[in-house]
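Take a look at the letters that make up each chain.
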Amino acid sequence: MPVDFNGRWLMETNDNFEDFMKVLNIDLATRKIAIHLSQTKVIIQDGDKFVIKTLSIFRNYEMSFTIGEEIEEYTKGLDNRVVKTLITWEGDKLVCTQRGEKANRGWKHWLEGDKLHMELFCEGVVCHQVFKKQA
Ligand code: VL7
């Protein structure tokens, strides 16, 4: 049985998000707003197919993918780059690599108890987010 990420997840902590935004060259005005956002993840998982929505009062971001199938991703409303994105399972972790202008970029999702964890990484900078499941 694969891990089940389905659900609506509310942000509890967001460590080092400022440095992560800086390494993506997000401008100061945008960072000032984004740093205070409570982000919500809505994950729809159907076998190896996923839709992940990241929602906030400022901006929303949505992506769809199938495990093991590389896609071209446009990070619209985030850093607005185009990357080659591939998501695979590493054990029970969902691991994404985003190949492009920025080196060593991607994210990981995993579950610990009833919490959803996410690590966002880029050029050695790591942001760690934790979400709790909405009842
Ligand atoms: C990553 C991106 C900050 C710009 C606005 C902040 C708006 C709400 O990659 C992400 O999720 C993956 C895995 O769950 C699926 O797409 C979302 C969000 C942070 C870095 C860039 C700041 C401007 C935040 C959309």
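Residues numbered from 1 in each chain as written. Predicted model: local features only at pLDDT ≥ 70, side-chain atom pairs only at ≥ 80, totals over all residues. Heavy atoms only, no water.

1. Let's talk about the UniProt feature "domain: Cytosolic fatty-acid binding proteins" (unreviewed entry) in the protein
Alright, step 1. Taken from the UniProt record, the annotation "domain: Cytosolic fatty-acid binding proteins" (unreviewed entry) applies to residues 7-24.
Alright, step 2. In this annotation, residues 7-24 is assigned 39% helix and 50% strand; the end-to-end C-alpha distance for the span is 28 Å. (UniProt positions renumbered as here; feature names shortened; annotations may be inferred. Helix = DSSP H or I, 4+ residues; strand = E, 2+ residues; numbered from the N terminus.)

2. Some points on the pairing of strand S9 (residues 115-122)
Alright, step 1. Counting buried residues along S9, six of its eight residues qualify, which places the element largely inside the surrounding structure.
Alright, step 2. Bridge analysis of strand S8 (residues 106-112) against S9 gives seven bridges, and the strand direction is antiparallel. Looking at S9, one finds that Leu-111 is bridged to Leu-116.
Alright, step 3. Counting the residues in the hairpin turn of S8 and S9 gives two residues, including Gly-113, whose phi is positive at 60 degrees.
Alright, step 4. Strand direction decides the pairing type here: S9 and strand S10 (residues 125-133), joined by eight bridges, are antiparallel. The partner of Phe-121 across the bridge, within S10, is Val-126.
Alright, step 5. The hairpin formed by S9 and S10 contains two residues between the paired strands, and Glu-123 there has a positive phi angle of roughly 45 degrees. (Buried < 20%, exposed > 50% of the residue type's maximum accessible area, 1.4 Å probe, protein only. Pairing = 2+ DSSP bridges.)

3. Some thoughts on the site of the ligand
Alright, step 1. Every one of the 20 residues lining the ligand counts as a neighbour, but Lys-41, Ile-52, Met-63, His-109 and Met-118 are closest to it.
Alright, step 2. Between the ligand and Lys-41 there is a distance of 2.7 Å, counted from an oxygen atom to a side-chain nitrogen or oxygen.
Alright, step 3. At a threshold of 2 Å from the grid points, most atoms of the ligand map onto the largest cavity.
Alright, step 4. Mapped by element, the contributors of at least two residues to the shell around the ligand are helix H1 (17-23), helix H2 (28-34), strand S3 (49-55), strand S4 (61-66) and S8.
Alright, step 5. With three residues, H1 is the largest single contributor of residues to the shell around the ligand.
Alright, step 6. In terms of residue class, the shell around the ligand is made up of 13 nonpolar, five polar and two charged. (Near = heavy atom within 4 Å. Polar contact = N/O pair within 3.5 Å; in protein donor to acceptor, adjacent residues only side chain to side chain. 1 Å grid on protein atoms, 1.4 Å probe; cavity = no way out; pocket = protein on both sides within 12 Å on 5 of 7 lines; lining within 4 Å. Sits in = over half its atoms within 2 Å of the grid points. Nonpolar A, V, L, I, M, F, W, Y, C, P; charged D, E, K, R; others polar.)

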